[in-house]
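Geometric and topological summary
Each chain, letter by letter, is given below.
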Amino acid sequence: LGVGLRSRQTGKEPKVPLYTMGLYVDHLGAKIPFPALYGKAPTRAMMMAESRAQNFVLWGRFAKLGVLRFIAPFTKADLEAELRSGLADVLTDKAPEELRRDAEKFLALFSQDFKTGDELRIHTDETGRIEVQLAGVKKPGPHNPKLARHIWEMWLGSHGLSKDMRQSLVDKLDSLKK
């Protein structure tokens, strides 16, 4: 559906690129409910307005895949900090215990540092089963539809990690019309 660049700025220095991310969806699974969105928002501008495109992907019951490619070395600690920041709402004492526990299980899947050019894949299926793939090795994660939605909210949500990525990751949503 789109590609985004995640970068971080520290102090007055220029932004430092961290990783790129491509977002993919199960074309057939997403194409079936797409006419409902397209009917409410028949133009591309209308689809992109009011977070319609992002919400369609976030709440859609279809498989999603995020492919992160690291532009520079990225430590396990840096990745955990990034993910903890994005999942902050589900890691508090106010979150349901099962959701918090599953979020910790998800974070525990990341066990290595990344070199420039390494790839990380995060996949959720239509039922909320979570899986990551690091260095070609698949690791099954928790099965929790709410957590799966929170994972995608890190990049697509209104309070996500990067406002630029939020838009660019759904930039080609109208390709589902074909």
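In case you missed it, the structure is sitting above this.
Below is a short write-up of the structure. (Residues numbered from 1 in each chain as written. Predicted model: local features only at pLDDT ≥ 70, side-chain atom pairs only at ≥ 80, totals over all residues. Heavy atoms only, no water.)

1. So, the sheet that holds strand 6 (residues 137-143)
Let me state the cut-off plainly: Here, strands pair whenever DSSP counts at least two bridges between them. Elements are defined by DSSP. Helices are runs of H or I of four residues or more, strands are runs of E of two residues or more, and each kind is numbered from the N terminus. Here an angle of 0 to 180 degrees is reported between the N-to-C directions of two axes, which are lines fitted to C-alpha atoms, with helices fitted over the stretch in contact.
On the basis of which strands lie adjacent, the open sheet formed by six strands has the order 1-2-3-4-5-6 and antiparallel pairing. Looking at which strands have only one partner, the edges of the open sheet turn out to be strand 1 (2-8) and strand 6. Averaged over all pairs of adjacent strands, the angle between their axes in this sheet comes to 20°, without regard to strand direction. Note: strand 4 (residues 119-124) against strand 5 (residues 129-134), five bridges, orientation antiparallel. Note on strand 5: the bridge partner recorded for Leu 120 is Leu 134.

2. Re the side chain of Lys 64
Selection criterion: For every residue, the accessible area obtained with a 1.4 Å probe (protein chains only) is divided by the maximum for its type, and the residue is called buried under 20%, exposed over 50%, and partly exposed between those limits. Only four residue types enter the tally: Lys and Arg on the positive side, Asp and Glu on the negative side; His and the chain ends are excluded. Here, a salt bridge means any side-chain nitrogen of Lys or Arg that lies within 4 Å of a carboxyl oxygen of Asp or Glu. In protein, a polar contact requires one atom able to donate a hydrogen and another able to accept it; more generally it is a pair of N or O atoms within 3.5 Å, and residues adjacent in sequence count only if both atoms are side-chain atoms. In this description, contact between two residues means that some pair of their heavy atoms is separated by no more than 4.5 Å.
Structurally, Lys 64 is set in strand 3 (residues 64-70). Comment: no salt bridge for buried Lys 64; closest opposite-charge side chain is Glu 126, at 8.6 Å. At a separation of 2.6 Å, a polar atom in the side chain of Lys 64 contacts the main-chain carbonyl oxygen of Gly 60. Those residues in contact with Lys 64 that lie beyond four places of it in its chain are Tyr 24, Val 25, Val 57, Leu 58, Ile 122, His 123, Thr 124 and Trp 152.

3. Here's the deal with the pattern of salt bridges
Taken as a whole, this structure holds eight salt bridges when the rule is applied. In this structure, Glu 82 and Arg 6 form a salt bridge, with 2.8 Å as the shortest nitrogen-oxygen distance. Here Glu 82 is found in helix 5 (residues 76-86), whereas its partner Arg 6 is found in strand 1, with 76 residues between them in sequence. Assessed through its relative accessible area of 10%, Arg 6 is described here as buried. Here Asp 125 ties to Arg 129 by a salt bridge, and the two come within 4.0 Å at their closest N and O atoms. Each of Arg 69, Glu 119 and Arg 121 takes part in one network of salt bridges that share partners.

4. Notes on helix 7 (residues 145-156)
Think of an α-helix as 3.6 residues a turn; residues three or four steps apart then line up on the same face. The test is simple: By definition here, a helix of n residues has an expected span of 1.5 Å times n minus one.
Look at helix 7: 16 Å from first C-alpha to last across twelve residues, which is about the 16 Å you get at 1.5 Å a residue. Of the positions making up helix 7, those classed as buried are Leu 147, Ala 148, Ile 151, Trp 152, Met 154, Trp 155 and Leu 156. For helix 7, the capping residue at the N-terminal end is Asn 144, with a side-chain oxygen 3.1 Å from the backbone nitrogen of Lys 146.

5. Re the pairing of strand 5
Here strand 5 shows a clear split, with Ile 130, Val 132 and Leu 134 buried on one side and none of Arg 129, Glu 131 and Gln 133 buried on the other. Connecting strand 4 to the next strand, strand 5, in antiparallel fashion are four residues, including Gly 128 with a positive phi near 95°. Direction of pairing for strand 5 relative to strand 6: antiparallel, over a ladder of five bridges. Across the sheet, Arg 129 pairs through a bridge with His 143, a residue of strand 6.

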